[in-house]
Amino acid sequence: QYNLSEEGRKAIIPLEQAVIAKDSAAYQAGLPVGQAAAKTPDDRYAIAQLHLQHGPNTNDKALQLAALDALVKSGGATSDELPKLYRGIASLNVDTKNLNGASAALEQLAQLQPNSTEPLLQLAELRAQQQRPSDAIGYLEQAISMQKAAGQAVPEGWYKRALKFAHEGKLGSKADSLSRILLQAYPSADNWQVALYFFRDGAALDKDGELGLLPLLR
């Protein structure tokens, strides 16, 4: 149920017909007319929805991204819709290699869903791609703390991703502390070996120290 202005309704009808007919020329001609006629949030929302529906007709990701952004800014999107819109914006920005745009959308999603680890985990991966290991680890640590506070088990992979980011970022002391945290949660033989390798890399052991570590590694 849209609260459309009379001007908006008149401009939206031919725009909708162009989308249904997949008439790109008619759509491009009608879009600025519709945007200029929009008076209410629902006018802007309805036009943005049509913009989004037109996107697959052209396979234009930039157009789809603009449509999602317009839906967010229209003021007509519901609180249930906004998380989906921000996920779509983040995904399209990743597809178009705009990691800053993806990060901004995920940060908005994290604010909308403060009890969800999903945006934090995705932000961690983006920060790692941006060569920002400390920030990537920070988001993972937030997700780990949130999971523990909810009384839920922390997946082993989360600890291992944080450890990987620390190692790749040459954050020796952080890698050492994260490996110990991993061992406390998941003290498997494989994890002990990983932790000992990280310890060896950061400890600058002499020959006797290296020899002493070999039996532990074995």
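Residues numbered from 1 in each chain as written. Predicted model: local features only at pLDDT ≥ 70, side-chain atom pairs only at ≥ 80, totals over all residues. Heavy atoms only, no water.

## Regarding the overall build of the chain
Phase 1 of the analysis: Helix and strand counts for the chain come out as 12 helices and zero strands.
Phase 2 of the analysis: Beginning at the N terminus, the succession of helices and strands in the chain can be written as α-α-α-α-α-α-α-α-α-α-α-α.
Phase 3 of the analysis: Computed over its C-alpha atoms, the radius of gyration of the chain comes to 25 Å, more than 25% above the 17 Å expected for a compact globule of 218 residues.
Phase 4 of the analysis: By its C-alpha atoms, the chain is 85 × 35 × 20 Å across when sized along the principal axes.
Phase 5 of the analysis: Here the chain, with 218 residues, has 39% of them falling under the buried criterion.
Phase 6 of the analysis: Here the contacts in the chain between residues at least 6 apart in sequence split such that 49% fall between residues at least 24 apart.
Phase 7 of the analysis: By element, 52% of the accessible surface of the chain is carried by carbon and sulfur atoms, the whole surface being about 12,300 Å².
Phase 8 of the analysis: Of the charged side chains in the chain, 22 are positive and 24 negative, and the gap between their average positions amounts to 3 Å. (Helix = DSSP H or I, 4+ residues; strand = E, 2+ residues; numbered from the N terminus. Rg over C-alpha atoms; globule rule 2.2 N^0.38 Å. Buried < 20%, exposed > 50% of the residue type's maximum accessible area, 1.4 Å probe, protein only. Contact = heavy atoms within 4.5 Å. Areas by Shrake-Rupley, 256 points an atom, 1.4 Å probe, with all protein chains shown as cover. Lys, Arg positive; Asp, Glu negative; His and termini not counted. Charge placed at Lys NZ, Arg CZ, Asp CG, Glu CD.)

## Some points on the packing of aromatic side chains
Phase 1 of the analysis: Per the stated rule, a full pass over the model turns up one aromatic pair.
Phase 2 of the analysis: Geometrically, the ring pair formed by Y159 and Y186 is edge-to-face, given 6.2 Å between the ring centres and 65° between the ring planes. Separated by 27 residues along the polypeptide, Y159 in helix α9 (residues 156-168) and Y186 in the loop between α10 (172-185) and α11 (189-203) bring together distant segments of the chain.
Phase 3 of the analysis: Judged by its relative accessible area of 26%, Y186 is partly exposed. (Phe/Tyr/Trp six-rings, centres within 6.5 Å; stacked < 30°, edge-to-face > 60°.)

## Side note on the packing of helix α1 (residues 6-21) against helix α2 (residues 24-37)
Phase 1 of the analysis: At a minimum axis separation of 9 Å, α1 and α2 run at an interaxial angle of 160°. Classified by the angle between their axes, α1 and α2 sit roughly antiparallel to one another. In the packing of α1 onto α2, the handedness of the crossing is left-handed. Along its contact with α1, which presents E7, G8, A11, L15, A18 and V19, the element α2 presents A26, Y27, G30, L31, V33, G34 and A37.
Phase 2 of the analysis: Across the contact of α1 with α2, the residue classes tally to nine nonpolar, three polar and one charged. (Axes fitted to C-alpha atoms, helices over the stretch in contact; angles between N-to-C directions. Parallel < 35°, antiparallel > 145°, perpendicular 65-115°, else oblique. Left-handed = near helix turned anticlockwise from the far one by under 90°. Nonpolar A, V, L, I, M, F, W, Y, C, P; charged D, E, K, R; others polar.)

## Some remarks on the nonpolar core
Phase 1 of the analysis: The biggest cluster of nonpolar side chains holds 39 residues, and the ones touching the most others in it are L85, Y86 and I89.
Phase 2 of the analysis: Listed by contribution, the elements that provide at least two residues to this core are α3 (41-58), α4 (61-74), α5 (81-95), α6 (99-112), α7 (118-129), α8 (133-149), α9 and α10.
Phase 3 of the analysis: Ignoring any residue separated from it by four or fewer positions in sequence, one finds I89 in contact with L65, L68, D69, V72 and A105. (Core = buried A, V, L, I, M, F, W, Y, C linked by side-chain atoms within 4.5 Å.)

## Overview of α7
In an α-helix, one turn spans 3.6 residues, which is why side chains three or four residues apart end up on the same side.
Phase 1 of the analysis: Spanning 12 residues, α7 covers 17 Å between terminal C-alpha atoms, matching the ideal 16 Å at 1.5 Å per step.
Phase 2 of the analysis: Contact partners of the buried residues in α7: α5, α6, α8 and α9.
Phase 3 of the analysis: Immediately beyond the C-terminal end of α7, within one or two residues, lies Q131, with a positive phi of roughly 60°. (Expected span 1.5 Å × (residues − 1).)

## Observations concerning the environment of Q35
Phase 1 of the analysis: Considering the arrangement of structural elements, one finds Q35 in helix α2.
Phase 2 of the analysis: Given the relative accessible area of 48%, Q35 is considered partly exposed.
Phase 3 of the analysis: Along the primary structure Q35 and A11 are separated by 24 residues, whereas in three dimensions their C-alpha atoms are 8.4 Å apart.

## Considerations on the packing of α6 against α7
Phase 1 of the analysis: Two numbers describe how α6 lies on α7: the axes approach to 9 Å, and their chain directions differ by 160°. On the basis of their axis angle, the class for α6 and α7 is roughly antiparallel. As α6 packs across α7, the resulting crossing turns out to be left-handed. Residues L99, A102, S103, L106, E107, L109 and A110 of α6 lie in contact with α7, whose contacting residues are E118, P119, Q122, L123, L126, R127 and Q129.
Phase 2 of the analysis: Grouping the constituent residues of the contact of α6 with α7 by class yields eight nonpolar, three polar and three charged.

That's the geometry; what it means functionally is another story.
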